[in-house]
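# Observations on the model geometry
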Amino acid sequence: MRESKPKPTRAVVAAVQVPNVSDVEFEASLAELRQLAKTLGFEVAATFTQKRASIGAAAYFGTGKRAELRLLREQEGAEVVLVDHEISPSQSFTLEKEVGCEVMDRTMVILEIFHRHATSRYARAQVEIARLGYMAPRMREAAKLAGPKDRGRSGTGGRSGGESHGELDRRKIRDRIAELQKELAGMGAERKTQRARRQERSGLARVALVGYTNAGKSTLMRALTGSEVLVANKLFATLDTTVRALHPESVPRVLVSDTVGFIKNLPHGLVASFKSTLDEALEASLLLHVVDASDSGFERQLAVTEEVLDEIGAKDLPRLLVFNKIDRGGDEAALRARHPGSIVMSARREADLARLREAIVAFFRQRLVEAELFVPWSAQQLRGEIFASCEVIEERARDDGTLFRVRAEPEAVERLRAQAGRSAA
Ligand SMILES: Nc1nc2c(ncn2[C@@H]2O[C@H](COP(=O)(O)OP(=O)(O)OP(=O)(O)O)[C@@H](O)[C@H]2O)c(=O)[nH]1
Ligand SMILES: [Mg+2]
């Protein structure tokens, strides 16, 4: 523990409950926002709610409630109010004025977390595009509210005649987004080549870990591959896709990818970013959908994940449901009965991890075929690769080379045959 830690910013979490949202759902969503706030380093001082028939177009809370919220905020010494909806720019301005501090909506909170956790150039560019897209209409609103005063400033500072401050900023945002998109396109080509190379080396046995944020994907990735990916009890710890081989190696060799987690009401700009980050996962032939079975809201999290998977075009990929964290709670028998074929487990138990590994390998073994591979003497360098990507049943020396009888993926057999043919020629 460090002693001189700065005092965390205190926050009030606030939300309107409309009639079609049940109490359980409402509570789960608030709990999640509190967790998101903690991930950002806020200390949640209080939660403030109001039941309303609908959310007002101009003001998120009713008049009396806004005064109450201001009082609560002052009493608690909070410097920020977090709202559990995406609110419009004008709702946000009204609320900030009336509660007397900064207001962040759910979208802004998530964008901020992504912004802080993005480390690769690729992830940073994507998050910046999403942030700019979120800011643009808000700046428009700010400019509108600033009105004539703002226009009075035009013509100074080298701006072209008649262009308002707001317009200039919007143009800058557009230019910046275009620039970032160009950068991304460049990086995209590079990533594609990397992926192609990986595919070439490994055949088609690819599995991707997907699921709601904090379900335990990176923990399983570590356990399955022996790699040191980041595991953290925060939301959106992982933003980039990592790919590693199942360890110890299996036949066929299986590559595992860890991916970014999903969440309810994912900001729209980020869904687009997810898409490219998840391209890698979409090339998998098996998705491990990881669910935190100890979370009381896991059914909803499961549904949200399935929705996002649909949205990004992964609807038809075969999947294995993995109910994780069963050591912390959850009804094992009920889960098995409701989701036949699923795996109920804890990443903390070696035996469970072994079972998961077996299920993955079994899935890919179903696709193996038995075949003969002839390797002429001139192509003996292929021997190592054959042992790496096939199960060798028999190896027989002939006058002109070696004949292997193997079990392997059809694609691997084809690839090795082509390579043997090329070397022989
Ligand atoms: N008790 C228990 N805790 C677990 C288990 N699996 C993971 N955890 C913990 O859950 C937290 C989140 O784990 P991660 O592996 O980072 O989760 P993730 O799905 O990668 O999360 P994001 O990257 O944020 O999407 C960590 O504190 C893990 O130690 C489990 O089986 N049992
Ligand atoms: Mg992770």
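Along every chain, residues carry numbers that run from 1 in the direction the sequence is written. Both sets of labels track the order of writing: A upward for chains, 1 upward for ligands. It should be noted that, the model being predicted, local features are given only for residues of pLDDT at least 70 and side-chain atom pairs only at 80 or more, the latter also being counted only at that level, while totals for whole chains, interfaces and linings use all residues. Side-chain figures throughout are based on the complete set of non-hydrogen atoms in the structure, without hydrogens or water.

Further remarks concern the site of ligand 1. By convention in this text, a residue qualifies as near a molecule or strand provided that one of its non-hydrogen atoms is within 4 Å of it. Neighbouring ligand 1 are 23 residues, the closest being Lys217, Thr219, Thr238, Asp327 and Ala347. Between ligand 1 and the protein, one listed contact pairs an oxygen atom with a backbone N or O atom of Asn214 at 3.0 Å. In the environment of ligand 1, an oxygen atom lies 3.4 Å from a nitrogen or oxygen atom belonging to the side chain of Ser346. Among the detected pockets, ligand 1 sits in the second largest pocket. Under the scheme applied, nonpolar residues are Ala, Val, Leu, Ile, Met, Phe, Trp, Tyr, Cys and Pro; charged residues are Asp, Glu, Lys and Arg; polar residues are all the others, including Gly. Grouping the constituent residues of the shell around ligand 1 by class yields seven nonpolar, ten polar and six charged. Pairs of N or O atoms within 3.5 Å make up the polar contacts considered here, provided that, within protein, one atom can donate a hydrogen while the other can accept it, and that residues adjacent in sequence are counted only when both atoms are side-chain atoms. Buriedness of a pocket was judged along seven lines, with at least five required to meet protein on both sides within 12 Å; pockets are open sets of points on a 1 Å grid over the protein atoms alone, cavities are sets where a 1.4 Å probe fits but cannot get out, and lining residues have an atom within 4 Å of a point. What decides whether a molecule sits in a cavity or pocket is whether more than half of its atoms lie within 2 Å of the grid points.

This part is about the packing of aromatic side chains. The aromatic pairing rule takes the rings of Phe, Tyr and Trp, using the six-membered ring of Trp, and pairs them if the centres are within 6.5 Å, calling planes under 30 degrees apart stacked, those over 60 edge-to-face and the rest tilted. One pass over the structure, following the stated rule, counts five aromatic pairs. Arranged with centres 4.9 Å apart and planes meeting at 80°, the rings of Tyr60 and Phe61 form a pair that is edge-to-face. By way of ring pairs, the aromatic residues Phe48, Tyr60 and Phe61 are connected into one cluster.

Mapped onto the elements, Asp292 comes out in strand E8 (residues 286–292). Residue burial is assigned from relative accessible area. The probe radius is 1.4 Å, only protein chains are included, and a residue is buried under 20% of its type maximum, exposed over 50%, and partly exposed in between. When its relative accessible area of 7% is taken as the criterion, Asp292 is described as buried. Within the local environment of Asp292, its side chain forms a polar contact with the side chain of Ser294, the two groups lying 2.6 Å apart. Working definition: helices are DSSP H or I runs of at least four residues, strands are E runs of at least two. Numbering for both runs from the N terminus.

This paragraph deals with empty space enclosed by the protein. Grid points are joined across faces, edges and corners, and a volume is the space filled by probe spheres set on the points. With the rule as written, the count across this model stands at two cavities of 30 Å³ or more. Lining of the second largest cavity is provided by Glu372, Glu394, Glu395, Arg396, Leu403, Phe404 and Arg405. Sorting the residues of the lining of the second largest cavity by element identifies strand E12 (391–397) and strand E13 (401–408) as the ones contributing at least two each. For the lining of the second largest cavity, the per-class residue count stands at two nonpolar, no polar and five charged.

Further remarks concern the layout of surface pockets. Its boundaries defined by the atoms lining it, the largest pocket holds a volume of some 500 Å³. If you go around the largest pocket, you meet 23 residues; those closest to its centre are Ala31, Glu32, Asp295, Ser296 and Gln301. Sorting the residues of the lining of the largest pocket by element identifies helix H1 (23–39) and helix H11 (298–311) as the ones contributing at least two each. Computed from the structure, the second largest pocket encloses a volume of approximately 430 Å³. Tallying contributions element by element places helix H8 (residues 217–225) first for the lining of the second largest pocket, with three residues. For the lining of the second largest pocket, the residue count by class is eight nonpolar, ten polar and six charged.

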